Amino acid sequence: MKNTIEKILKIDRRLIFLALTLLLVFPIVRPLGLPNKNIGNEVKALHDKIEGLPAGSFLMLSLDYDPATRPELHPQAVAVIKHAFRKDLRIMILTLNAGATGLIDEIGERIPKDIAPSKKYGTDYVILPYQPNPVAVMTQLGMDMFQIYDKDRDGADLKSMPVMKGIRNVKDMQLGMCITGTAMLDYWVAYTADKFKMPFAGGTTAVSQIGYAPYLQTGQLKGLMGGMKGAADYELLIGEKEKGTAGLDALSLAHIMVIALIVVANIMMLWLKYL
Amino acid sequence: MSETMLIFGGWVAAGLTIFLFSFLYKDNPFFKTAEHLYLGAGMGWVFQTVLFQTWIPKVWDPLTKQGDWTVLVPTVLGLTLVTQFFPRVSWLSRYGFTFIMGYGSGLVIPLTISTDLLKQIGGTMAPFMVSEINRGNIWSLVNGSIIAIGFICVLFYFFFSVEHKGAIKKASNIGIYFLMLYFGAAFGNTVMGRFSLLYGRFDDLYKYSAPKYFYATHVILAALVIYFIVDHFRTRKPAVEEEAA
Amino acid sequence: MTLIKKHIPLAICFIVGLLTLSSYYVPTQSSEKYVETMNKWENIVAGFAFLLGLFSLFFSHTRKITRRVDGWGYSLFVFVGFLAMVVPAIVSNGKQMIGADLTGLGWGYRFLFNALSGTMFSVLAFYIVSTAYRAFRIKSAQAGVLFAAALVLMLAKVPLGQMIWEGLFGWTGAWDIAQIGQWLMDVPAVAGKRGIMMGLAIGGIVTALKIIFGIERQYMGKD
């Protein structure tokens, strides 16, 4: 008996890898359709904040993630943009992460196709080019944004665009949001939200989400989406299920697997100890 | 871009993904190739971003088109950094480094004071303000008290210059439990985050297994399995021959 | 020589650091202008800092190729990957899309960089699972608390976890697992995180002041 338990405890890890692979692939091939009942308070707060903005309000959206964090953060970005367009908000998309430019291009491709075909570039939304120095950008956005952003990503003059009417710095904007897998949100909070008293919200990976709980509590962040669950919750709130919701089924199985493995390993360890 | 290039792209993406995952079974030349490609492609991506977003619009254009000579100052400072590779003149790089470090340090101080110190202390004390207590929300007061006690106990744990005994030891032990709760929650979130990424990769592989991409995932996976089987018998052969001898 | 090699760089660090610090707390016209200029300059210098890493990588792999070190063939792929991103970028002038059409750079980003970068990070998930099985041993009360917190979070975040909790404890009328998970994130975890943030903040401020005043000079290299 003791030998069997020891063998199981020392099982080849490649079998564990295979089990995890099968558990994650199964829901992709055959979706489970599990119900997502509990929506996080911080996601609801973000949704309510955007829902409460009048038409024509200006949303600054900084998408600072790269392909590595795409599965968690891209659905968040898409969901927020869909909601903002539904509320007829003006959107300015920018990035301080070199790896995000391609993902922003994908969003830019999708807006006229399926996200919001009625919205016009330059009138309802604009996409700015990548800037390498985050703190410089944040400080400048609080003073005179056209000093650092004089052209959009295609080289067209920014100041003359209808979407930028009445906007000179973040004090003229109604909400700022940063979706990132790095510590960029901390910088946005310190250099923009706190310094210029701009209402700010965030979207982060599940790994980083817990670190922002203090900011939610102090009101430095008006709302927060965390990981794929955050994206799925937001999709449920706006009534448009997409990649966030689809991924949650696979995550369900994987989480249960990790819990089961830890519990089983510890039970066997105790069993061995008292055998 | 033609349909052929897009399908070829699907094959490249599926192939590189499977090559990198193959390391989970065993180290192999395909993984090493993909790993080195990643290194080069990553650097190439950042290089082209810096070229087209910084050097050309912020140095070249202002210098040549607007005659703005002031951009030469940061350019020279930036170039001094590269002298790191030449031992005789590597001391020049100190000019670039000290500029970066001075600027960075000057920025970090107000950032951490306002966001990580003052706001957090303020947030901890907020539930105890008279205006909050007057609202009569008992749960807010209870939660606020737990946070305040936990916060102080964690700080006691980090007081390494004072010996942990008596009341300080008790407080620091409570602090450890709060830290364990935080780390446990962080572990839970980390697990979720990594699985989300993995799910994303499998989703892409599933996309590239479609007939549109000529079953790229299946073909590459099958080829890799065949390689591992052949390699297994190839490396096992000398032991079998020895035994036969 | 010491003046040029040591004192002037330290003076630059001191002046730039002090001016940047004071510009945050002294919002005048000239401090705003200073911040604007410094921001632009920092932008440019940071762009050159990247070159350090790039040249280091190239030197290392070129040496491997010229000396025919074991596995030198793989080093060729570093340059292949680099050129695969840079050459199309130069051809398309840094644009990933021209109109509705994908350029060479766009292709490289979508099918090369995306796949490689995403996969590299996601491989960690496998190691988390196998390590959790092999090394996560609850041998003390503190480890038990850590596991309990992780368990609550992992169950709370996914529909299946919520269903399992309801099935096991729903009849007691106790709190929903999602509510417990939310409370865990909002209260005790905040306390832990705040303590760590405070410690890091104080350490960061002290180090930054040491750098500005020239006490911390390791980044300058050997004298």
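Since this is a predicted model, take the numbers as computed values, not measurements. (Residues numbered from 1 in each chain as written. Chains lettered and ligands numbered in written order. Predicted model: local features only at pLDDT ≥ 70, side-chain atom pairs only at ≥ 80, totals over all residues.)

1. A word on the overall build of chain A
Alright, step 1. The secondary structure content of chain A amounts to eleven helices and six strands.
Alright, step 2. Burial status across chain A gives 55% buried among its 275 residues.
Alright, step 3. A separation of at least 24 residues holds for 74% of the contacts in chain A among residues at least 6 apart in sequence. (Helix = DSSP H or I, 4+ residues; strand = E, 2+ residues; numbered from the N terminus. Buried ≥ 20, exposed ≤ 12 C-beta atoms within 10 Å, placed from the backbone. Contact = placed C-beta atoms within 7 Å.)

2. Examining the interface of chain C and chain B
Alright, step 1. Across the contact, 99 residues belong to chain C and 97 residues belong to chain B.
Alright, step 2. Among the elements that line the side of chain C that touches chain B, the one with the most residues is helix α4 (residues 104-135) of chain C, at 20 residues.
Alright, step 3. Across the side of chain C that touches chain B, the residue classes tally to 73 nonpolar, 18 polar and eight charged. (Nonpolar A, V, L, I, M, F, W, Y, C, P; charged D, E, K, R; others polar.)

3. A look at helix α7 (residues 177-186) of chain C
Alright, step 1. Buried within α7 of chain C we find I177, A178, G181, L184 and M185 of chain C. Seen along its axis, α7 of chain C keeps its buried residues to an arc of 120 degrees; they face one direction.
Alright, step 2. Tucked inside the fold, the buried residues of α7 of chain C contact α9 (213-218) of chain A, α7 (167-207) of chain B together with α5 (141-156), α6 (159-169) and α8 (188-212) of chain C. (Arc of directions from axis to C-beta.)

4. Considering the confidence of the model for chain B
Residues and elements named next belong to chain B.
Alright, step 1. Summary statistics for chain B give a mean pLDDT of 88 and a share of 96% for residues scoring 70 or more.
Alright, step 2. Taken element by element, chain B is modelled with least confidence in helix α5 (residues 130-134), mean pLDDT 77, and with most confidence in helix α1 (residues 3-21), mean pLDDT 93.
Alright, step 3. Confidence metrics for the complex model read pTM 0.80 and ipTM 0.82. (pLDDT = per-residue confidence, 0-100.)

5. Section: the pairing of strand β4 (residues 175-180) of chain A
All names here are of chain A.
Alright, step 1. Taken across its six residues, β4 has six buried, putting it largely inside the fold.
Alright, step 2. A two-sided burial pattern is seen for β4, the buried positions comprising L175, M177 and I179 on one face and G176, C178 and T180 on the other.
Alright, step 3. Sheet analysis places strand β1 (residues 58-64) next to β4, joined by six bridges and oriented parallel. Pairing of M60 across the sheet is with G176, part of β4. (Pairing = 2+ DSSP bridges.)

6. Some thoughts on the domain arrangement of chain A
Often, the extent of an interface is quoted as the loss of accessible area upon association of its parts.
Alright, step 1. If you check the domain split of chain A, you get domain 1 (2-30 + 251-274) and domain 2 (41-241).
Alright, step 2. Each of domain 1 of chain A and domain 2 of chain A was reduced to a C-alpha centroid, and the two centroids are 40 Å apart. (Domains from an automatic or database assignment.)

7. Examining the pairing of strand β2 (residues 90-94) of chain A
Residue and element names in this part refer to chain A.
Alright, step 1. Counting buried residues along β2, five of its five residues qualify, which places the element largely inside the surrounding structure.
Alright, step 2. Of the two faces of β2, the one lined by R90, M92 and L94 and the one lined by I91 and I93 are each fully buried.
Alright, step 3. Of the pairings in the sheet, the one linking β1 to β2 comprises five bridges and is parallel in character. By the bridge assignment, M60 is partnered in β2 with M92.
Alright, step 4. Considered for its hand, the β-α-β crossover made up of β1, helix α4 (residues 70-86) and β2 is right-handed.
Alright, step 5. Bridging between β2 and strand β3 (residues 125-127) involves three bridges; their strand directions are parallel. Paired with M92 across the strands is V126, a residue of β3.
Alright, step 6. A crossover links β2 with its parallel partner β3, the connecting element being helix α5 (residues 101-115), and its sense is right-handed. (Right-handed = clockwise from strand over helix to strand, strands pointing away.)

8. Comments concerning the interface of chain B and chain A
Alright, step 1. Taken together, the contacts link 32 residues of chain B with 38 residues of chain A.
Alright, step 2. Of all the secondary structure elements, the ones that give two or more residues to the side of chain B that touches chain A are α2 (29-64), α4 (93-125) and α7 of chain B.
Alright, step 3. Grouping the constituent residues of the side of chain B that touches chain A by class yields 17 nonpolar, 13 polar and two charged.

9. Let's talk about unusual backbone geometry
Alright, step 1. A positive phi angle is found at D88 of chain A, which is not glycine, with a value near 55 degrees.
Alright, step 2. Inspection of the secondary structure puts D88 of chain A in the loop between α4 and β2.
Alright, step 3. A positive phi angle is found at R68 of chain C, which is not glycine, with a value near 50 degrees.
Alright, step 4. Among the secondary structure elements, R68 of chain C is positioned in the loop between α2 (29-66) and α3 (72-91).

10. Side note on the domain arrangement of chain B
Residues and elements named next belong to chain B.
Alright, step 1. With domains assigned, chain B is organised as domain 1 (1-67 + 215-245), domain 2 (71-128) and domain 3 (135-210).
Alright, step 2. On a C-alpha basis, the centres of domain 1 and domain 3 stand 37 Å from each other.
Alright, step 3. Contact residues are listed per partner, giving eight residues for domain 1 and five residues for domain 3.
Alright, step 4. At the level of elements, α1 and α8 (216-244) are the ones that each hand at least two residues to the side of domain 1 that touches domain 3.

11. Here we look at the packing of helix α2 (residues 13-29) of chain A against helix α11 (residues 243-274) of chain A
To characterise two packed helices, one gives the angle between the axes of the helices and the distance between these axes.
Residues and elements named next belong to chain A.
Alright, step 1. Packing of α2 against α11 brings their axes to within 8 Å, and their N-to-C directions diverge by 155 degrees. Relative to α11, the element α2 lies roughly antiparallel. Along this stretch, α2 crosses α11, giving a crossing that reads as right-handed. Contacts between α2 and α11 pair A19, L20, L23, L24, P27 and I28 from the former with D249, A250, L253, A254 and M257 from the latter.
Alright, step 2. Class assignment of the residues belonging to the contact of α2 with α11 gives a composition of ten nonpolar, no polar and one charged. (Axes fitted to C-alpha atoms, helices over the stretch in contact; angles between N-to-C directions. Parallel < 35°, antiparallel > 145°, perpendicular 65-115°, else oblique. Left-handed = near helix turned anticlockwise from the far one by under 90°.)

12. Side note on the environment of G227 of chain A
Alright, step 1. Mapped onto the fold, G227 of chain A is located in helix α10 (residues 227-238).
Alright, step 2. Owing to 31 C-beta atoms within 10 Å, G227 of chain A belongs among the buried residues under this scheme.
Alright, step 3. Sequence-wise, G227 of chain A and L34 of chain A are 193 residues apart; in three dimensions their C-alpha atoms are separated by 18 Å.
Alright, step 4. When neighbours within four sequence positions are excluded, G227 of chain A is seen to be in contact with E72, T205, A206 and Q209 of chain A together with M192, G193 and S196 of chain B.

13. Regarding the sheet that holds β1 of chain A
All names here are of chain A.
Alright, step 1. Taken together, the six strands give an open sheet; going across it, the order is β3-β2-β1-β4-β5-β6, and neighbouring strands pair in parallel fashion. This sheet does not close on itself; its edge strands, each paired only once, are β3 and β6 (224-226). Adjacent strand axes in the sheet meet at a mean angle of 10 degrees when their direction is disregarded.
Alright, step 2. Contacts from helix α3 (residues 41-51) reach β4, β5 (200-204) and β6, with the element oriented near 135 degrees to β6.

14. A look at the packing of α4 of chain A against α10 of chain A
Residue and element names in this part refer to chain A.
Alright, step 1. One can describe the packing of α4 onto α10 by two numbers: an axis separation of 8 Å at closest approach and a directional angle of 25 degrees. Taken together, the axis directions place α4 and α10 in an arrangement best described as roughly parallel. Handedness of the crossing formed by α4 with α10: left-handed. Between α4, through P71, E72, P75, Q76, A79, K82 and H83, and α10, the contact on the second element is made entirely by G227, M228, G230, A231, Y234, E235 and I238.

15. Section: the environment of G44 of chain B
Alright, step 1. Relative to the assigned elements, G44 of chain B resides in helix α2.
Alright, step 2. For G44 of chain B, a count of 27 C-beta atoms within 10 Å gives the class buried.
Alright, step 3. Sequence spacing of G44 of chain B and L92 of chain B is 48 residues, and the spatial spacing of their C-alpha atoms is 27 Å.
Alright, step 4. Once you skip the residues sitting within four places of it in the chain, G44 of chain B turns out to touch G81, F82, L83, A84, M85 and V86 of chain C.

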